Amino acid sequence: MLVSWKWLNELVEIEQTPEEIANLLTMSGIEVEGIISSEIDLHTQFLKVGLIEEVTKHPQADKLVICKLDVGDGQSRIIVTGASNVQAGQKVPVALPGAVLVGGKMIKPAVLRGVASDGMLCSADELGIEVDKIPPEQRTGIYILPDDVAIGADVVKVLNLDDVVLELGLTPNRADCLGMVNVAREIAALTGGKLHLPQVEDSVEGGECAKLTRVDIEAKDLCQRYVARLIKDIKITPSPLWLQQRLMAVGVRPINNVVDVTNYIMMETGQPLHAFDYDCLKGKRIVVRRANEGEEIVTLDGQLRKLNPEMLVIADEERAVGIAGVMGGLDTEVTASTKTILLESAYFHGPSIRRTSYALGLRSEASMRFEKAVDLEQARFVADRTVQLLVEIGAGTPVDGCVDCYPVREEKQPIKLRIKRVNQILGTDISPETMEEILKSLRIKIVEKNEEGWLLLPPTYRRDIELEVDFIEEIARLYDYEKIPTTLPEGTTTQGMRTAEQKLCKKIRKTMVAQGLMEVITYSFINPQQLDDLGLPDGHPLRETIAIQNPLSEEQSVMRTTLLPGLLAIVQKNINKQNKNLKLFEMGKVFYVNGFPTEKRLPTEKLFLAAVSTGEKEKSWAYQAEKYDFYYLKGVVENLLEVIGYTLNEVSFENADNLPGLHPGRSAIIKVKGKEIGVLGEVHPLTLEKLGIDQKVAMFNINVESLPIENRGHKMLVVPVTKYPAVRRDLAIVVPEEVNTGAVEALIRKKAGSRLKELRLFDLYRGEQIQEGYKSLAFSLTWQAPDKTLTDDEVKELHQKIDQALQKEFGADLRR
């Protein structure tokens, strides 16, 4: 909200500076985000209104002209300009030598192609006027002034260039301050300044107006009140200069006198208005109703809008002529041929306007105000004030009376405010007299008074005051927050610490980063198409998503059930930018339906850890190339689980060929202590093809909450390095092709016991000397005891024990 300082001073007497008022407002809860002032030098008298008496061509330059001007000082001045829009008889802003314009540009006498130039004619931009707030024809070339301005007048005063604008950052509850009048009331309450609000003669309900038009409210739940007034003999002209300047100061572009007055009154009172061409209304009546299914309307911006029954429209007897609170219709637009207008001042249901505005992609100053609620009781006053101003500027003649359709009048119940409760909440000792003075300054009506406190009614424009605590807040605001004493919190304190889950999450993140992976964070909202890309079959649990009621777009319309779509999207974007070697992980929540919303239960949230890797660590002089493939991520998982507290004997990877989205034969189920915790594998080639990824991508997905709880608080133990040497032996066996290597490793570890320090598969062979349907596995086993040197016989005995177990379990043959 932009607030003109000059306009504000007409509404309330102010002795303070703009900076002091800005501080007062901010400290009372209405933040002033900035103070905007002119960049030109306001203290000089070198900007004058000049009359162009004569325009001649420059003898030495085709693109320059020589202007002879009268600036009111009794002498003619010659100024050379390159502007193409100057003509004799025009009044223009003239910067005489000594003037300082926007950007610190100082004007000096100059000689242009042999002709002396005594100043400069100014464009809007050079005067600091926002060009998007003036008519298109004025945006380039010299700024042409109205004919009625006096020659020699100070341009700073004529164009209000010395006005200061306060930029308010309003919270949603203070929508009342979206009008100048209520900002003035707020300042009066803070400073004690006297208010000078517009005085209006109230119209009488009925009269000639009621004979010429009628208002019917069919959707009473969406429109509580609708006031209509008629103005005849309309003359569409540009607005007076003062009105245009007021609008530009608060960020509104002037259009014509009728539209400008409605915008002016909206900025003054906070009440949006709309004017219809009365002669274009079928049946000369207004119907406030819901839109019909499939109904369409062409709005003032020339766009065809499709409506639905959730939207409120203003209609005549035959069709919709406006979208209530959002935008009017083109069929009833006020044009140069308009003779009579019907003026609308209404109260529409805020949530309905917000939904309509969002659905149509239309948001305006009017819809913003209706969304946050306007003053229901001032609807007729605002209509009368608008008519008054239209008459003052000669835009038309009022038709006697009005139509005020107010089916169910709002009945406000007094709210009890207790003196003791005020001081109890604020921790103060404010006297009842001070409280009452503050309440009166805020125009709060005291219905009843007793020893305990008051029964109060807030002013109708303060729709945010609904409870006792709201009155307490108002007292705190005006009493001055800085006067409220600071007290330390009391009570038993406890040492702050992380929960077991927070400690686990920190350990997981730290371990993943230590292994060279980069953490990313993706949106919890995904596109349903991404689940199709993963190749999930119909009926798969991950397809049971929760739809967002008000999605920003289709791209973010459902809650994610897996982290993989977000990670693959990041991989895709990076590869498209030639960043092809990636190691990424994310730890975040996924969301499952769990009966939501039919069984009135909230969705289930689960914490997952997922990672993707692709490309390779490129070869250098220090190390060989390493592919970021399935086996790389398998190692990452093993390291992670070991840090968390699981031994490799407790971790297993079981082959799985039917995991959706993963490559069959290159995917596995991750188990800890026999319990499934996640999956590991290569992303299916068809999925990669749909995403436009032309290289292999490995991934894993772990349900953090499924990790056995007894190991979550595990602390790693540091043990001294044994002084006894290790013994290394190789073991080569031949097993049937269907035997899982992981199962072989698990059995070896089980039979070896604690003296086996390392087990590594270093060769897998199929071919000559190996029977068809079999494979050769070669392991390296490292043995070490903490208390002695192992003998060959002891190691041999351990190997024999393993050989026997492998032969019995898998039918393994020992290769010699």
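Not measured: the values here are computed from a predicted model.

Caption draft 1: Highlighting the packing of aromatic side chains. One pass over the full model with this rule turns up 5 aromatic pairs. Put simply, the rings of Trp7, Trp242 and Tyr264 touch in pairs and so form one group of aromatic residues. Lys284 extends its terminal NZ or CZ atom over the ring of Tyr278, reaching a point 5.7 Å from the ring centre. It is Lys617 that lies over the ring of Tyr623; its NZ or CZ is 4.4 Å from the centre.

Caption draft 2: Structural detail: empty space enclosed by the protein. The full count for this structure, using the stated rule, is 2 cavities of 30 Å³ or more. Empty space within the largest cavity amounts to approximately 60 Å³. In this structure, the largest cavity is lined by Lys412, Pro458, Pro459, Thr460, Arg462, Arg463 and Ile465. Here the residues of the lining of the largest cavity sort into 3 nonpolar, 1 polar and 3 charged.

Caption draft 3: Region of the structure containing the sheet that holds strand S10 (residues 165-169). Pairing within the open sheet is antiparallel, and its 3 strands lie in the order S1-S10-S2. Looking along the sheet, the strands with just one partner apiece sit at the ends: strand S1 (2-4) and strand S2 (31-36). The average undirected angle you get between the axes of adjacent strands in this sheet is 30 degrees. When S2 meets S10, the two strands line up antiparallel, connected through 5 bridges. The residue bridging Gly34 from the neighbouring strand is Glu167, located in S10.

Caption draft 4: Representation of the pairing of strand S29 (residues 582-592). Taken across its 11 residues, S29 has 9 buried, putting it largely inside the fold. Direction of pairing for strand S26 (residues 518-519) relative to S29: parallel, over a ladder of 2 bridges. In the strand pairing of S29, Glu519 is matched with Phe585.

Caption draft 5: The arrangement of the pattern of salt bridges in detail. Going through the model one piece at a time under the given rule, you end up with 46 salt bridges. Note that Arg77 and Asp118 form a salt bridge whose closest N and O atoms lie 2.4 Å from each other. Of this pair, Arg77 sits in strand S5 (residues 76-81) while Asp118 sits in the loop between strand S8 (115-117) and strand S9 (120-121), placing them 41 residues apart in sequence. Its relative accessible area of 27% is what places Asp118 among the partly exposed residues. Glu365 is the salt-bridge partner of Arg369, the closest N and O atoms lying 2.6 Å from each other. Taken together, the residues span about one helical turn, with Arg369 and Glu365 both in helix H9 (residues 365-371) at a distance of 4 residues. According to the relative accessible area criterion, Glu365 is partly exposed, its value standing at 36%. Bridged by salt links that share partners, the residues Arg174, Asp176, Glu186, Arg462, Asp464, Glu474 and Arg477 form one connected network.

Caption draft 6: Just unusual backbone geometry, in detail. At Ala373, a residue that is not glycine, the phi angle is positive and equals roughly 85 degrees. For Ala373, the position within the fold is in the loop between H9 and helix H10 (379-392).

Caption draft 7: Examining the sheet that holds strand S35 (residues 675-683) more closely. In spatial order, the strands read S26-S29-S30-S36-S35-S34-S33; together these 7 strands make up an open sheet with mixed pairing. Looking at which strands have only one partner, the edges of the open sheet turn out to be S26 and strand S33 (651-655). Here S33 pairs with strand S34 (residues 662-672) via 5 bridges, running antiparallel. Bridged to Ser652 within S34 is Lys671. Against the sheet, helix H14 (residues 500-514) contacts S26, S29, strand S30 (604-614) and strand S36 (697-703), and its axis sits at roughly 155 degrees relative to S29.

Caption draft 8: A look at the side chain of His663. With respect to the helices, strands and loops of the structure, His663 is situated in strand S34. Take His663: its relative accessible area is 18%, and that puts it in the buried class. The contacts of His663, once residues within four sequence positions are left out, are Glu682, Val683, His684 and Pro685.

Caption draft 9: Inspection of a nonpolar patch on the surface at higher detail. A contiguous nonpolar surface patch, about 300 Å² in accessible area, is contributed by Val298, Leu300, Leu304 and Leu330. Locating Leu330 in the fold gives a position in the loop between strand S19 (327-328) and strand S20 (341-348).

Caption draft 10: Representation of the nonpolar core within the structure. The biggest cluster of nonpolar side chains holds 53 residues, and the ones touching the most others in it are Val3, Leu8, Leu25, Leu166, Leu168, Ile187 and Ile341. Ignoring any residue separated from it by four or fewer positions in sequence, one finds Ile341 in contact with Arg229, Leu230, Ile231, Ile234, Val258, Ala275, Phe276, Tyr278, Val334 and Leu390. Within the second largest apolar cluster, 40 residues are counted, among which are Val215, Leu312, Val313 and Leu342.

Caption draft 11: Structural view of helix H12 (residues 432-441). When we look at burial in H12, the residues that qualify are Met435, Glu436, Ile438 and Leu439. Down the axis of H12, the buried side of the element spans an arc of 160 degrees, and every buried residue falls inside it. Within H12, the exposed residues directed more than 90 degrees away from the buried face are Glu433, Glu437 and Lys440. As for H12, its buried residues are in contact with strand S23 (415-418), helix H11 (419-426), strand S24 (445-449), strand S25 (453-457) and helix H13 (468-479). Immediately beyond the C-terminal end of H12, within one or two residues, lies Arg443, with a positive phi of roughly 60 degrees.

Caption draft 12: Broad picture of the packing of helix H7 (residues 257-269) against H10. One way to put it is that H7 packs onto H10 with a least axis distance of 10 Å and a crossing angle of 135 degrees. Between H7 and H10, the crossing angle belongs to the class labelled oblique. Crossing hand, H7 versus H10: right-handed. Here H7 contributes Asn257, Val258, Val261, Thr262, Tyr264, Ile265, Glu268 and Thr269 to the contact with H10, which in turn contributes Val382, Arg385, Thr386, Leu389 and Leu390. Grouping the constituent residues of the contact of H7 with H10 by class yields 7 nonpolar, 4 polar and 2 charged.

What counts, and where the lines are drawn
- Residues numbered from 1 in each chain as written.
- Predicted model: local features only at pLDDT ≥ 70, side-chain atom pairs only at ≥ 80, totals over all residues.
- Heavy atoms only, no water.
- Phe/Tyr/Trp six-rings, centres within 6.5 Å; stacked < 30°, edge-to-face > 60°.
- Lys NZ or Arg CZ within 6 Å of the ring centre and 35° of its normal.
- 1 Å grid on protein atoms, 1.4 Å probe; cavity = no way out; pocket = protein on both sides within 12 Å on 5 of 7 lines; lining within 4 Å.
- Points joined across faces, edges and corners; volume = space filled by probe spheres on them.
- Nonpolar A, V, L, I, M, F, W, Y, C, P; charged D, E, K, R; others polar.
- Pairing = 2+ DSSP bridges.
- Helix = DSSP H or I, 4+ residues; strand = E, 2+ residues; numbered from the N terminus.
- Axes fitted to C-alpha atoms, helices over the stretch in contact; angles between N-to-C directions.
- Buried < 20%, exposed > 50% of the residue type's maximum accessible area, 1.4 Å probe, protein only.
- Salt bridge = Lys/Arg side-chain N within 4 Å of Asp/Glu carboxyl O.
- Contact = heavy atoms within 4.5 Å.
- Patch = residues over 30% accessible without salt bridge, like charges linked within 9 Å, V, L, I, M, F, W, Y side chains within 5 Å.
- Areas by Shrake-Rupley, 256 points an atom, 1.4 Å probe, with all protein chains shown as cover.
- Core = buried A, V, L, I, M, F, W, Y, C linked by side-chain atoms within 4.5 Å.
- Arc of directions from axis to C-beta.
- Parallel < 35°, antiparallel > 145°, perpendicular 65-115°, else oblique.
- Left-handed = near helix turned anticlockwise from the far one by under 90°.

Interpretation in functional terms is not warranted from these geometric data alone.
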